[in-house]
Amino acid sequence: MPTVLPALADVFADVFAAGPSHALLASMIPDLTPILPGLIFYGLAGLAIVSAVAAATAPKIVHAAFGLMAAFFGVAGMYALLGSDFLALTQVVVYVGGILVLLVFGVLLTGRTKAALGLERPTHVMPAAFAGGALLFGLLGAILSSDFGDGGRTMADLPEPPSTTAALGRAFLDPNQYLLPFELVSVFLLAALIGAAFLVRRRRDGQ
Amino acid sequence: MTSPVLHLPLAFLQTIGLAHFLVVGAVLFCAGITTVLARRNAVGILIGLELILNAANLNLVAFERFGPAPLRGTVFAIFVLAVAAAEAAIALAIVLNVFDSRDEIDVDETTALKG
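Residues numbered from 1 in each chain as written. Chains lettered and ligands numbered in written order. Predicted model: local features only at pLDDT ≥ 70, side-chain atom pairs only at ≥ 80, totals over all residues. Heavy atoms only, no water.

(A) Spatial organisation of the overall build of chain B. On a plain count of helices and strands, chain B comes out with 3 helices and 0 strands. Ordering the α and β elements of chain B from the N terminus gives α-α-α. By the compact-globule yardstick of 13 Å for 115 residues, chain B is too spread out, its C-alpha radius of gyration being 20 Å. Referenced to the eigenvectors of the C-alpha coordinate spread, the extents of chain B come out at roughly 65 × 30 × 25 Å. Relative to its full complement of 115 residues, chain B shows a buried share of 55%. When contacts within chain B are restricted to residue pairs at least 6 apart in sequence, those whose partners lie at least 24 apart make up 49%. (Helix = DSSP H or I, 4+ residues; strand = E, 2+ residues; numbered from the N terminus. Rg over C-alpha atoms; globule rule 2.2 N^0.38 Å. Buried < 20%, exposed > 50% of the residue type's maximum accessible area, 1.4 Å probe, protein only. Contact = heavy atoms within 4.5 Å.)

(B) A look at the overall build of chain A. What chain A contains, in helices and strands, is 8 helices and 0 strands. Secondary structure elements of chain A occur, N-terminal to C-terminal, as α-α-α-α-α-α-α-α. Of all 207 residues assigned to chain A, the portion counted as buried reaches 27%. For chain A, restricting intrachain contacts to residue pairs at least 6 apart in sequence, the fraction spanning at least 24 positions comes to 50%. Carbon together with sulfur atoms contributes 73% to the accessible area of chain A, which is approximately 13300 Å² in total. (Areas by Shrake-Rupley, 256 points an atom, 1.4 Å probe, with all protein chains shown as cover.)

(C) Inspection of the packing of aromatic side chains at higher detail. For the coordinates displayed, the defined rule picks out 7 aromatic pairs over all chains. Relative to A:Tyr95, the ring of A:Phe72 has its centre 4.6 Å away and its plane inclined at 45°; by these criteria the two rings are tilted. Taken together, the residues span a long stretch of sequence, with A:Phe72 in helix H4 (residues 61–81) and A:Tyr95 in helix H5 (residues 85–109) at a distance of 23 residues. Accessibility classification places A:Phe72 together with A:Tyr95 in one group, the buried group. Through a chain of ring-to-ring contacts, the aromatic side chains of A:Phe41, A:Tyr42, B:Phe21 and B:Phe66 assemble into a single cluster. It is A:Arg201 that lies over the ring of A:Phe198; its NZ or CZ is 4.2 Å from the centre. (Phe/Tyr/Trp six-rings, centres within 6.5 Å; stacked < 30°, edge-to-face > 60°. Lys NZ or Arg CZ within 6 Å of the ring centre and 35° of its normal.)

(D) Seen up close, the nonpolar core. Judged by nonpolar contacts, the single largest core of 66 residues is most densely connected at A:Phe41, A:Met78, A:Leu103, B:Phe21, B:Leu28 and B:Leu51. For this core, the secondary-structure elements that each account for two or more residues are helix H3 (36–57), H4, H5 and helix H7 (165–173) of chain A together with helix H1 (18–38), helix H2 (42–66) and helix H3 (72–102) of chain B. (Core = buried A, V, L, I, M, F, W, Y, C linked by side-chain atoms within 4.5 Å.)

(E) Structural detail: the side chain of B:Thr34. Position of B:Thr34 relative to the elements: it lies in helix H1. If we skip the residues at most four places from it in the chain, B:Thr34 touches A:Ala128, A:Ala129 and A:Gly132.

(F) The layout of surface pockets, seen in detail. By volume, the second largest pocket amounts to about 280 Å³. Taken together, 18 residues form the lining of the second largest pocket, with A:Pro161, A:Pro162, B:Glu64, B:Arg65 and B:Pro70 sitting closest to its centre. Among the residues making up the lining of the second largest pocket, the classes are represented as 10 nonpolar, 4 polar and 4 charged. (1 Å grid on protein atoms, 1.4 Å probe; cavity = no way out; pocket = protein on both sides within 12 Å on 5 of 7 lines; lining within 4 Å. Points joined across faces, edges and corners; volume = space filled by probe spheres on them. Nonpolar A, V, L, I, M, F, W, Y, C, P; charged D, E, K, R; others polar.)

(G) The interface of chain B and chain A, seen in detail. At the junction of the two partners, chain B supplies 75 residues and chain A supplies 87 residues. Between chain B and chain A lies a buried interface of about 7300 Å² when both sides are counted; carbon and sulfur atoms form 76% of it. It is B:Arg40, B:Arg65 and B:Leu81 that lose the most area in chain B upon contact with chain A, and together they represent 10% of the buried surface on that side. There are 0 salt bridges connecting chain B and chain A. Linking chain B with chain A are 6 residue pairs in polar contact (both at pLDDT 80 or more), by the criterion used here. (Buried area = accessible area lost by both parts, 1.4 Å probe. Salt bridge = Lys/Arg side-chain N within 4 Å of Asp/Glu carboxyl O. Polar contact = N/O pair within 3.5 Å; in protein donor to acceptor, adjacent residues only side chain to side chain.)

(H) Examining a nonpolar patch on the surface more closely. Where nonpolar side chains cluster on the molecular surface, the patch consists of A:Leu32, A:Leu36, A:Leu39 and A:Ile40 and spans about 300 Å² of accessible area. Among the structural elements, A:Leu32 can be located in the loop between helix H2 (20–28) and H3. (Patch = residues over 30% accessible without salt bridge, like charges linked within 9 Å, V, L, I, M, F, W, Y side chains within 5 Å.)

(I) Structural context of the environment of B:Val98. Following the sequence through the fold, B:Val98 ends up in helix H3. In this structure the C-alpha to C-alpha distance between B:Val98 and B:Ala42, which are 56 residues apart in sequence, comes to 9.9 Å.

(J) Layout of the packing of H5(A) against H2(B). Where H5(A) contacts H2(B), the axes come no closer than 11 Å and their chain directions differ by 170°. One finds that H5(A) runs roughly antiparallel with respect to H2(B). Taken together, the residues of H2(B) that come into contact with H5(A) (itself represented by A:Leu87, A:Gln91, A:Tyr95, A:Ile99, A:Leu103, A:Gly106 and A:Val107) are B:Val43, B:Leu46, B:Ile47, B:Glu50, B:Leu53, B:Asn54 and B:Val61. Residues that form the contact of H5(A) with H2(B) fall into these classes: 10 nonpolar, 3 polar and 1 charged. (Axes fitted to C-alpha atoms, helices over the stretch in contact; angles between N-to-C directions. Parallel < 35°, antiparallel > 145°, perpendicular 65-115°, else oblique.)

(K) Just the packing of H1(B) against H2(B), in detail. Residues and elements named next belong to chain B. Close contact between H1 and H2 brings their axes to 7 Å; oriented N to C, the two are set at 165°. Compared by their axis directions, H1 and H2 come out roughly antiparallel. Regarding H1 and H2, the two cross each other, and that crossing is left-handed. Packed against H1, whose contacting residues are Leu-18, Phe-21, Leu-22, Val-24, Gly-25, Leu-28, Phe-29, Ala-31, Gly-32, Ile-33, Thr-35 and Val-36, the element H2 presents Gly-44, Ile-45, Gly-48, Leu-49, Leu-51, Ile-52, Ala-55, Leu-58, Asn-59, Ala-62, Phe-63 and Phe-66 at the interface. (Left-handed = near helix turned anticlockwise from the far one by under 90°.)

(L) Geometry of helix H8 (residues 179–199) of chain A. Residue and element names in this part refer to chain A. The end-to-end C-alpha separation of H8 is 30 Å, in line with the 30 Å expected for 21 residues at 1.5 Å each. For H8, the complete set of buried residues consists of Val-185, Ala-192 and Ala-196. Buried residues of H8, seen end-on, are gathered within an arc of 25° and therefore sit on one face of the element. Those residues of H8 that are exposed and angled more than 90 degrees off the buried face are Leu-180, Leu-184, Val-187, Ile-194 and Phe-198. (Expected span 1.5 Å × (residues − 1). Arc of directions from axis to C-beta.)

Written as structure tokens, this is what we have:
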């Protein structure tokens, strides 16, 4: 049936052509562009805050770790919303893929504690929540009463952010910018790796 | 003011500014502080520490976006990330050692170094 494909192509051409039907369709879909950053922001903020509170209050430590994972994803989305694309991906790879897995391994390897056996004494949740709430009120008051010199700009007033990956690479390898701290962090990470491996090594008898 | 399209009071969705991100950072920070204070499990305290570092990073990136200098906040946040990774590795190694010697990672019980 050699004529089917051209016929289909004609149909699609008619549907997608900027004709009256297209204009009608477009008028039915509301233009969300001005409120899109707000929608995304409140979605991510809700995710981050709810899961951070869950991480703070979950009775089981594994549930707290899962709350932390959701909070990491919320913060990663906020980085992306703020134009730091590289940092958003690094957040997912390093925090979710690395640190969180490490924490879950920690929970796994220390499972036979009193807490797991239901012998844990009640935690100081109320005083801690009170201290955290008081701190939060202080911080909110400080934030809302401060002038940060940003001229009251909103997301819509900011210019389109450029991709940061190439610029970050150049900044890290430029001797006049961040080459020295970059190399120091490399040595620091190596030292931490060796130190961690040394600390958890299996001891032979008599040592 | 209403949105021209949806005829709903959606102006609050169009005025996302620096303070919005700082408030989220503050909430994450206080959740982290609460976690660190409330938990006895050492791994739980580490979870609170990670929340605190994330809140700080969020503030750094938000200030960069709304400020005049590009890239500085992101660079600093990446260094914080590296330090957080090293901290988690070392802290968990210490926690595992404590667990090995005491069968316990309750920070109220590990008082051998208490003066």
